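Listed here are the chains, written in short residue letters.
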Amino acid sequence: MKVTRGITILLILSGLLLISTAFSFSLNAAGTNETHLSDQKMVITVTPSQISVPTVVASHIPVRITVTGPDITSLQIYGESSAGNRLVYSEAFSSRPYYQIYLPIPDNLISPSVNLVIVINHNVTFTVPITFSPEISPIFSDISLVVGITLFLSGAYLYPPLKGFRYWLLLPPFILLSMLFGQRYDMYYMIAVGLRILDGVNPYLASQSTLPGLQYAYPPGFVPWSAFSDYIVFRITKMSYPGVATLNFIGTQYGSLYGVWRSLEGTNLLLLYTIIKLPMVLSFFWSYRTLRQVNNKVSWKLWFLNPIAVVVGILWGQIDIIAVAFMLQSILYFRSGKEFSAVLFAGIGATVKVFPALLIPYLLIRSKHRKSAALGILPAIVFTLAMYAVTGNVESDVLHLFISRAVPTFNGIFIANGLTWQVLVTDLGFTTFPSLFTYVFIPVYFLLLFLFTRRNVIPEYFFITVLFLFFLTYNLVNPQYFIWIIPLLLMTGENKSAIVLSAISGLYLYLMYSFAYFINPQISWNYASSILGQFESLRLSITSSEYVAMTIGLISAAIYLTYFLKFLRTSAIGNKSTAVEH
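Residues numbered from 1 in each chain as written. Predicted model: local features only at pLDDT ≥ 70, side-chain atom pairs only at ≥ 80, totals over all residues. Heavy atoms only, no water.

Peer 1: An account of the nonpolar core is needed here, citing residue identities and associated values.
Peer 2: Counting 145 residues, the largest nonpolar core has Tyr216, Phe284, Trp303 and Phe468 as the members making the most contacts within it. Tyr89, Val124, Phe126 and Leu538 belong to the second largest nonpolar core, which has 33 residues in total. (Core = buried A, V, L, I, M, F, W, Y, C linked by side-chain atoms within 4.5 Å. Buried < 20%, exposed > 50% of the residue type's maximum accessible area, 1.4 Å probe, protein only.)

Peer 1: Outline the pattern of salt bridges, listing residues and values.
Peer 2: Summed over all chains, the structure comprises 5 salt bridges. Asp320 serves as the salt-bridge partner of Lys353, at 3.0 Å between the closest nitrogen and oxygen. On the criterion of sequence distance, the pair formed by Lys353 in the loop between helix 12 (339–350) and helix 13 (360–366) and Asp320 in helix 11 (residues 320–335) is long-range, its members being 33 residues apart. A cluster of three or more residues bridged by salt bridges with shared partners is formed by Asp142, Glu536 and Arg539. (Salt bridge = Lys/Arg side-chain N within 4 Å of Asp/Glu carboxyl O. Helix = DSSP H or I, 4+ residues; strand = E, 2+ residues; numbered from the N terminus.)

Peer 1: Lay out unusual backbone geometry in plain terms, naming residues and giving numbers.
Peer 2: Here the residue pair Thr47 and Pro48 is connected by a cis peptide bond, since its omega of 0° sits within 30 degrees of zero. Within the secondary structure layout, Pro48 lies in the loop between strand 2 (43–47) and strand 3 (50–51). Notably, Phe249 is not glycine yet its phi reads approximately 55°, a positive angle.

Peer 1: Kindly report on helix 20 (residues 482–491), identifying the contributing residues and their values.
Peer 2: Of all 10 residues that make up helix 20, 10 are buried, and the element is covered over most of its length. Listing the buried residues of helix 20 in full gives Phe482, Ile483, Trp484, Ile485, Ile486, Pro487, Leu488, Leu489, Leu490 and Met491.

Peer 1: Any details on the environment of Val500? Residues and values, ideally.
Peer 2: Mapped onto the elements of the fold, Val500 is located in helix 21 (residues 495–512). In this structure Val500 comes out as partly exposed when scored by relative accessible area, which is 31%. Between the C-alpha atoms of Val500 and Ser556, which are 56 residues apart in sequence, the distance is 10 Å. In contact with Val500, not counting residues within four places along its chain, are Ile559 and Tyr563. (Contact = heavy atoms within 4.5 Å.)

Peer 1: Could you give an account of a nonpolar patch on the surface, with specific residues and numbers?
Peer 2: A contiguous nonpolar surface patch, about 580 Å² in accessible area, is contributed by Phe340, Leu375, Leu378, Ile381, Val382, Leu385 and Val398. Looking at the nonpolar patch element by element, the count peaks at 4 residues for helix 15 (residues 378–391). Structurally, Val382 can be placed in helix 15. Residue classification places Val382 among the exposed residues on the basis of a relative accessible area of 54%. (Patch = residues over 30% accessible without salt bridge, like charges linked within 9 Å, V, L, I, M, F, W, Y side chains within 5 Å. Areas by Shrake-Rupley, 256 points an atom, 1.4 Å probe, with all protein chains shown as cover.)

Peer 1: Explain the pairing of strand 5 (residues 84–103) residue by residue, including any values.
Peer 2: Residues in a regular strand project their side chains so that they alternate between the two faces of the sheet. Sheet analysis places strand 4 (residues 63–81) next to strand 5, joined by 15 bridges and oriented antiparallel. Within the sheet, the bridge partner assigned to Val63 lies in strand 5 and is Leu103. Linkage of strand 4 to strand 5, two consecutive antiparallel strands, is achieved through a turn of 2 residues. (Pairing = 2+ DSSP bridges.)

Peer 1: I'd like to hear about the packing of helix 8 (residues 278–294) against helix 11, residue by residue, with values.
Peer 2: Relative orientation of the contacting elements helix 8 and helix 11 amounts to 25°, with a least axis distance of 8 Å. Here helix 11 runs roughly parallel to helix 8, going by the angle between their axes. Taken as a pair, helix 8 and helix 11 cross one another with a handedness that is left-handed. Contacts between helix 8 and helix 11 involve Pro279, Met280, Ser283, Phe284, Trp286, Ser287, Thr290, Leu291, Gln293 and Val294 from the former and Ile321, Ile322, Val324, Ala325, Phe326, Leu328, Gln329, Leu332 and Arg335 from the latter. Here the contact of helix 8 with helix 11 is composed, by residue class, of 13 nonpolar, 5 polar and 1 charged. (Axes fitted to C-alpha atoms, helices over the stretch in contact; angles between N-to-C directions. Parallel < 35°, antiparallel > 145°, perpendicular 65-115°, else oblique. Left-handed = near helix turned anticlockwise from the far one by under 90°. Nonpolar A, V, L, I, M, F, W, Y, C, P; charged D, E, K, R; others polar.)

Peer 1: An account of the environment of Ala516 is needed here, citing residue identities and associated values.
Peer 2: Of note, Ala516 is situated in the loop between helix 21 and helix 22 (531–543). As a C-alpha pair, Ala516 and Gln534 span 18 residues in sequence and 9.0 Å in three-dimensional space. Ala516 has contacts with Arg184, Tyr527, Ser530, Gly533 and Glu536, leaving out every residue within four places of it along the chain.

Peer 1: Can you explain the pairing of strand 6 (residues 113–120)? Please cite residues and give values.
Peer 2: Within strand 6, 6 of the 8 residues are buried, which leaves it mostly tucked inside the rest of the structure. Judged from the 8 bridges that link them, strand 6 and strand 7 (residues 124–132) form a sheet pairing that is antiparallel. Across the sheet, the residue bridging to Ile120 is Val124, located in strand 7. Between strand 6 and the antiparallel strand that follows it, strand 7, lie 3 residues; Asn121 among them carries a positive phi value of about 55°.

Peer 1: So, helix 8: which residues are in play, and what are the values?
Peer 2: If you check helix 8, its first and last C-alpha atoms are 25 Å apart, about what 17 residues at 1.5 Å a residue would give, namely 24 Å. Listing the buried residues of helix 8 in full gives Pro279, Met280, Val281, Ser283, Phe284, Phe285, Ser287, Tyr288, Thr290, Leu291 and Val294. (Expected span 1.5 Å × (residues − 1).)

Peer 1: Give me the packing of aromatic side chains: which residues, what numbers.
Peer 2: Applying the stated criterion to the full structure yields 61 aromatic pairs. The interplanar angle of 25° and the centroid separation of 5.9 Å between the aromatic rings of Phe441 and Tyr445 together place this pair among those described as stacked. With Phe441 and Tyr445 both in helix 18 (residues 436–454) and 4 residues apart, the pair spans about one turn of that helix. On the basis of relative accessibility, which here comes to 5%, the residue Tyr445 falls in the buried class. With a centroid separation of 5.3 Å and an interplanar angle of 55°, the aromatic rings of Phe471 and Tyr560 are classed as tilted. (Phe/Tyr/Trp six-rings, centres within 6.5 Å; stacked < 30°, edge-to-face > 60°.)

Peer 1: I'd love a proper account of the packing of helix 21 against helix 22, names of residues and values included.
Peer 2: Between two packed helices, what matters for the description is the angle formed by their axes and the separation of those axes. Contact pair helix 21 / helix 22: the axes reach a minimum separation of 8 Å and the direction vectors enclose 115°. Contact residues: Tyr510, Leu511 and Met512 in helix 21; Arg539, Leu540 and Thr543 in helix 22. Among the residues making up the contact of helix 21 with helix 22, the classes are represented as 4 nonpolar, 1 polar and 1 charged.

In structure tokens form, the structure reads like this:
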């Protein structure tokens with residue numbers, strides 16, 4: 001049955017209405033739904049002060065308790081309600097000026113209200129009331145979000161083709177989306193690195209000015225734009241820069257690393273998000289233009305309506321999409337015989353995020369004029385060394401970049417995260433594990449380089465195979481990494497493969513992240529205290545369990561292995577469709 005234009009418009013409008021409704025449930029100004037108390041020395045903040053989810057699941061909403069003050073050595077918390085009184089938390093530690101915990105209220109204390117009696121150092125007492133107002137609205141808000149996105153995408157995909165449609169007309173709404181959304185932790189990084197540069201601080205190494213965990217662990221290509229954006233915004237708003245002490249955020253020293261975005265409170269984040277993400281938005285559109293130039297059969301819907309592409313390229317605030325745009329242009333230049341330009345653009349992409357560098361050896365080996373092509377890498381090398389020389393120590397900064405990218409650990413402890421089977425290792429309690437990237441990926445990469453260049457396989461197939469190997473061996477496969485490979489699959493006509501990867505990464509993103517966490521803090525500061533945010537916390541307590549993470553990691557690894565073998569086999573047998581005369 002043919003879907004009429006009217007039905008698709010109804011689906012689109014219904015979807016937008018439901019998404020807007022869910023969005024409205026997440027609006028939350030700074031200081032909203034929290035209790036802030038202080039005496040002469042101690043300051044305590046508790047949020048949310050009102051829990052709105054049904055009481056039967058209210059214990060799954062953790063209450064964030066933050067204590068600041070000199071010489072904190074102990075903390076006891078008692079719960080007092082009509083259901084009874086009991087000690088719910090007790091901790092002693094060495095003297096510190098900051099402490100934060102996330103405390104679930106026990107089921108047997110939940111009643112219309114409960115008093116949290118917080119005792120600090122055995123002699124300072126605060127009493128904080130927490131009220132419960134069981135509502136259906138949090139559940140409705142999350143359902144509205146999921147159903148709204150589904151209806152909107154369904155209507156947009158089914159909408160009859162438009163003659164003469166210009167995809168650049170989508171630029172204004174995508175800029176608006178970039179202003180309203182951003183992954184808070186990563187946006188802090190994109191903003192703070194520029195502020196540190198403006199303050200004359202080396203942002204690449206841990207120091208008293210840049211606390212451990214807050215150093216910029218990427219190549220320096222995006223840093224000048226970050227500094228420029230910060231400078232422009234603070235000049236426009238006539239505000240002073242947050243100092244280094246503010247950016248360090250005291251909680252970072254005591255385990256609250258992902259709350260560091262709170263150090264940007266008071267900044268005009270709507271304007272800052274808009275300007276600092278302009279290269280990301282433009283790169284998103286540039287990427288599609290390149291896709292069309294290589295394969296004019298690529299539908300704009302597979303890119304502009306691909307949820308994971310839009311989230312990573314527009315909403316997230318990560319720099320992957322910039323490196324992707326240069327990578328795709330590099331491939332286009334190479335296929336057109338412009339070898340120097342191909343290497344040049346791959347090098348520029350690698351100054352933003354490392355992965356395009358894996359394409360450069362292939363381009364050089366396949367080039368007819370290798371010496372002139374090799375000159376294309378010099379601008380990227382000179383720029384990178386110059387940036388490190390201006391802001392710090394070249395040798396130390398390069399060494400830190402190599403170590404942080406090649407063997408990612410946290411304080412020497414093995415970590416794994418994202419869509420990788422290696423989360424199984426960490427969930428089983430292992431703190432040490434060999435770096436498969438070092439011992440497996442690197443030698444196999446050179447074998448693939450030898451095989452693919454000898455058979456004149458097109459660069460897209462080479463890089464797709466390399467990236468699937470990377471996903472199999474690296475211990476951090478974050479969902480934004482999938483935007484590296486999805487456009488390559490679209491470029492080669494592997495639409496079904498692109499949809500599969502989009503689906504698995506989109507599912508992971510939904511199960512592991514709070515939608516409210518992505519909303520610009522200027523319009524939703526206490527995101528976990530908003531109505532939508534509270535239900536997202538409830539959902540995440542179930543969907544982000546280690547068993548779910550392990551399951552997705554194993555399924556993802558099976559997908560990577562299947563596609564790795566598929567592209568390896570196709571290229572190894574010399575399929576004509578993968579070969580290109582150059």
